Amino acid sequence: MQRPPSELNAPRRQFLGKIAAGAAALTALNLPFTLSASPATNPASPSADPDAWFSQLKGKHRMVLDVPRPNELMPFAWPKVFLLTNAATGTPEKETNVVVVLRHEGIPYAFEDRIWSKYKFGEVFKINDPKTKAPSTRNPFWKPATGDFSIPGLGNVDIGINQLQDSGVMFCVCDMAITVYSAALAAGADPADVKKDWLSGLLPGVQPMPSGVWALGRAQEHGCNYIFAG
């Protein structure tokens, strides 16, 4: 049941209205993938063929983490815990695979600081900077400083996206959500131009996928066990 309007603040209500308009714009925009077996080339992606991207999964133990919304440090702590505990029980990092699927309201983590600041991701997606506690104008999980993240009993932990990538963790992002949210935040600009700007700001190594649910399905077909991170 939908909550009454009185329970929604004005910025959130306005943004949801823009999302509805953005969804209607899907048919007018060219996605970088056709939703068929032969995706079109996307110069912003690490692989032109999202299906082929999953061929990297050859580990003994495989996990796919579903990130549909921000959830503090959990989407990044859990991959690290998976790697650490597998190593502690005899399986080194090189023999494990973790796929992180950033979709729906979890897509901001796929982008560089420039996009966060320009499109006010912290305000829109309700993500506070761990340091300032104010709406974030940067991606706090991209190249964090030493000591940015500490867990009781463990101390400082390396859970930045770049640090996890160095350990073999694979990140992908939902192109369908990028299409909808970039159109919703276009603010009078051409939605296609805004989406192009967003794609130019993807973090290195992050693979766009036709949709997040598509990626979750493919990861499981390639032997990954599903974990919900939201």
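Residues numbered from 1 in each chain as written. Predicted model: local features only at pLDDT ≥ 70, side-chain atom pairs only at ≥ 80, totals over all residues. Heavy atoms only, no water.

**Focus: the nonpolar core**
- Within the largest apolar cluster, 43 residues are counted, with the highest numbers of intra-cluster contacts made by F111, F121, F171 and W198.
- Apart from residues lying up to four places away in sequence, W198 is in contact with I107, F111, I115, Y119, F121, I178, Y181, S182 and L185.
- By size, the runner-up hydrophobic cluster in this structure holds 14 residues, among which are V99, V101, L216 and A219. (Core = buried A, V, L, I, M, F, W, Y, C linked by side-chain atoms within 4.5 Å. Buried < 20%, exposed > 50% of the residue type's maximum accessible area, 1.4 Å probe, protein only. Contact = heavy atoms within 4.5 Å.)

**Observations regarding the pairing of strand 2 (residues 96-102)**
- The buried fraction of strand 2 is high, at seven of seven residues.
- Neither face of strand 2 is open: one carries T96, V98, V100 and L102, the other N97, V99 and V101, and all of them are buried.
- The sheet contact formed by strand 1 (residues 61-67) and strand 2 spans seven bridges and is parallel. Note that in strand 2 the partner of V67 across the bridge is L102.
- Each parallel crossover has a hand, and the one from strand 1 via helix 3 (residues 74-88) to strand 2 is right-handed.
- In this structure, strand 2 lies alongside strand 5 (residues 170-174), joined through four bridges in parallel fashion. Directly across from V101, in strand 5, lies its bridge partner C172. (Helix = DSSP H or I, 4+ residues; strand = E, 2+ residues; numbered from the N terminus. Pairing = 2+ DSSP bridges. Right-handed = clockwise from strand over helix to strand, strands pointing away.)

**Some details on the packing of aromatic side chains**
- Summed over all chains, the structure comprises 15 aromatic pairs.
- Ring geometry for W53 and F54: centres 5.2 Å apart, planes at 85 degrees, overall edge-to-face.
- Measuring from centroid to centroid gives 5.7 Å for Y109 and F141, while their planes differ by 80 degrees, and the two rings are edge-to-face. Residue Y109 is found in the loop between strand 2 and helix 4 (113-118), and its partner F141 is found in the loop between helix 5 (121-124) and strand 3 (150-151); the two are separated by 32 residues along the sequence. Summarising the burial analysis for this pair, Y109 and F141 share the class buried. (Phe/Tyr/Trp six-rings, centres within 6.5 Å; stacked < 30°, edge-to-face > 60°.)

**Regarding the side chain of S167**
- The topology assignment puts S167 in the loop between helix 6 (161-166) and strand 5.
- Among the polar contacts listed, one links the side chain of S167 to the side chain of E93, at a separation of 3.3 Å.
- Setting aside its immediate chain neighbours within four residues, S167 contacts K80, L83 and E93. (Polar contact = N/O pair within 3.5 Å; in protein donor to acceptor, adjacent residues only side chain to side chain.)

**A few points about the sheet that holds strand 7 (residues 225-228)**
- Read across the open sheet, the five strands follow the order 6-5-2-1-7; overall the sheet is parallel. Of all strands in the sheet, those bounded by a partner on one side alone are strand 6 (207-209) and strand 7. For this sheet, the mean inter-axis angle between neighbouring strands, taken without regard to orientation, is 25 degrees.
- Across three bridges, the pairing between strand 5 and strand 6 is parallel. Paired with V173 across the strands is P208, a residue of strand 6.
- Those strands touched by helix 9 (residues 212-221) are strand 1, strand 2, strand 5, strand 6 and strand 7, and its axis lies near 165 degrees from that of strand 1. (Axes fitted to C-alpha atoms, helices over the stretch in contact; angles between N-to-C directions.)

**Description of a nonpolar patch on the surface**
- Taken together, W78, V81 and I227 make up a surface patch of nonpolar side chains, about 220 Å² in accessible area.
- Mapped onto the elements, V81 comes out in helix 3.
- The exposure class of V81 is partly exposed, given its relative accessible area of 39%. (Patch = residues over 30% accessible without salt bridge, like charges linked within 9 Å, V, L, I, M, F, W, Y side chains within 5 Å. Areas by Shrake-Rupley, 256 points an atom, 1.4 Å probe, with all protein chains shown as cover. Salt bridge = Lys/Arg side-chain N within 4 Å of Asp/Glu carboxyl O.)

**Side note on the environment of I151**
- Mapped onto the elements of the fold, I151 is located in strand 3.
- Separated by 74 residues in the primary sequence, I151 and A77 have C-alpha atoms spaced 9.4 Å apart.

**Some words on the side chain of D197**
- Inspection of the secondary structure puts D197 in helix 8 (residues 191-200).
- Overall, the relative accessible area of 14% leaves D197 in the buried class.

**Focus on the confidence of the model for the protein**
- Residues at a pLDDT of 70 or more form 80% of the protein, whose mean pLDDT is 85.
- Note on residues 1-13: pLDDT under 50 across the span, and seven contacts to partners over four residues away in sequence or across chains.
- The model gives residues 20-45 a pLDDT under 50, and that stretch makes 44 contacts with residues more than four places away or in other chains. (pLDDT = per-residue confidence, 0-100.)

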